[in-house]
Amino acid sequence: MNVLNQPSGSRKSKEVAEAAPVSNLSTDGKHIYFTRARWDELFTESLIVWIALHPPVSKLANDPFFVRSKRISTLLGFTSLRIVYLYSKRVQSARGLGPDCVGEYCDHWIKKSIEKADRVVAAWGQEPIARQRSQFIEQTADGANKEVFCLRREIMGDPASPVYFFGPPKLVPLYEAE
């Protein structure tokens, strides 16, 4: 059984579970600009940045996106992760997203995170509203000389979310060279 599907009592799952998430919130608490976790302090930090659609409204430690991306990051050999959000406002679902959901520091933290990353993974799923911000991610990554990867491309070319990804992780480029 691979680590992604191991029962919670297994040794590897306990190692991954030890990293508690820490978030950077707006002063009013309505926006989360990024979430980070580091689980292996013994080794030099290797940072993978995940780009999600929007932050959860529930507790981060139980958020399926956080849990799955952390396990996949561990399988890929990284010691820390940061999740940044295309839309930083905390909403129940993508239906609640709009241009007003990009917080004051959202783009700033996306840029800084991409610049610092050892690997960048787009994972916002098949939400049409995400396509409005995809060009910003591509331009930001190009400016930082970074390639953006994904777990797989969905039918419309959108990057798959780790929540619905099963099997051994293999990252593929999101944007094709022209």
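Residues numbered from 1 in each chain as written. Predicted model: local features only at pLDDT ≥ 70, side-chain atom pairs only at ≥ 80, totals over all residues. Heavy atoms only, no water.

K.L.:
It is not clear to me how the sheet that holds strand β5 (residues 119-122) should be interpreted in this structure. Could you clarify?
P.N.:
Within a sheet, neighbouring strands are paired by backbone hydrogen bonds and run either parallel or antiparallel to one another. Read across the open sheet, the 7 strands follow the order β1-β2-β4-β3-β5-β6-β7; overall the sheet is mixed. Whereas interior strands pair on both sides, the edge strands pair on one side only; in this sheet they are β1 (22-25) and β7 (172-173). Bridge count between β1 and strand β2 (residues 32-38): 4 bridges; the pairing is antiparallel. Note that in β2 the partner of N24 across the bridge is F34. (Pairing = 2+ DSSP bridges. Helix = DSSP H or I, 4+ residues; strand = E, 2+ residues; numbered from the N terminus.)

K.L.:
Could you clarify how one ought to interpret the environment of R131 in this entry?
P.N.:
Examined against the element boundaries, R131 turns out to sit in helix α4 (residues 131-143). Along the backbone, R131 and G157 are 26 residues apart, and their C-alpha atoms lie at a distance of 9.9 Å. In contact with R131, other than residues within four places in its own chain, are M156 and D158. (Contact = heavy atoms within 4.5 Å.)

K.L.:
For this particular structure, what's the right way to read the side chain of R68?
P.N.:
With respect to the helices and strands, R68 occurs in helix α2 (residues 64-75). Within the buried core, R68 has no salt-bridge partner, and the shortest N-O distance to an opposite charge, that of D63, equals 11 Å. Polar contacts involving the side chain of R68 include one to the main-chain carbonyl oxygen of F165, which spans 2.3 Å. (Buried < 20%, exposed > 50% of the residue type's maximum accessible area, 1.4 Å probe, protein only. Lys, Arg positive; Asp, Glu negative; His and termini not counted. Salt bridge = Lys/Arg side-chain N within 4 Å of Asp/Glu carboxyl O. Polar contact = N/O pair within 3.5 Å; in protein donor to acceptor, adjacent residues only side chain to side chain.)

K.L.:
Please clarify how α2 should be interpreted in this entry.
P.N.:
Along an α-helix, a turn takes 3.6 residues, which lines up residues three or four apart on a common side. In this model, α2 (12 residues) spans 17 Å end to end at C-alpha, consistent with the 16 Å of a helix rising 1.5 Å per residue. For α2, a buried count of 9 out of 12 residues is recorded, marking the element as mostly surrounded by other parts of the structure. Within the sequence span of α2, burial applies to F65, F66, R68, S69, K70, R71, I72, S73 and T74. A positive phi of about 95° marks G77, the residue just after α2. (Expected span 1.5 Å × (residues − 1).)

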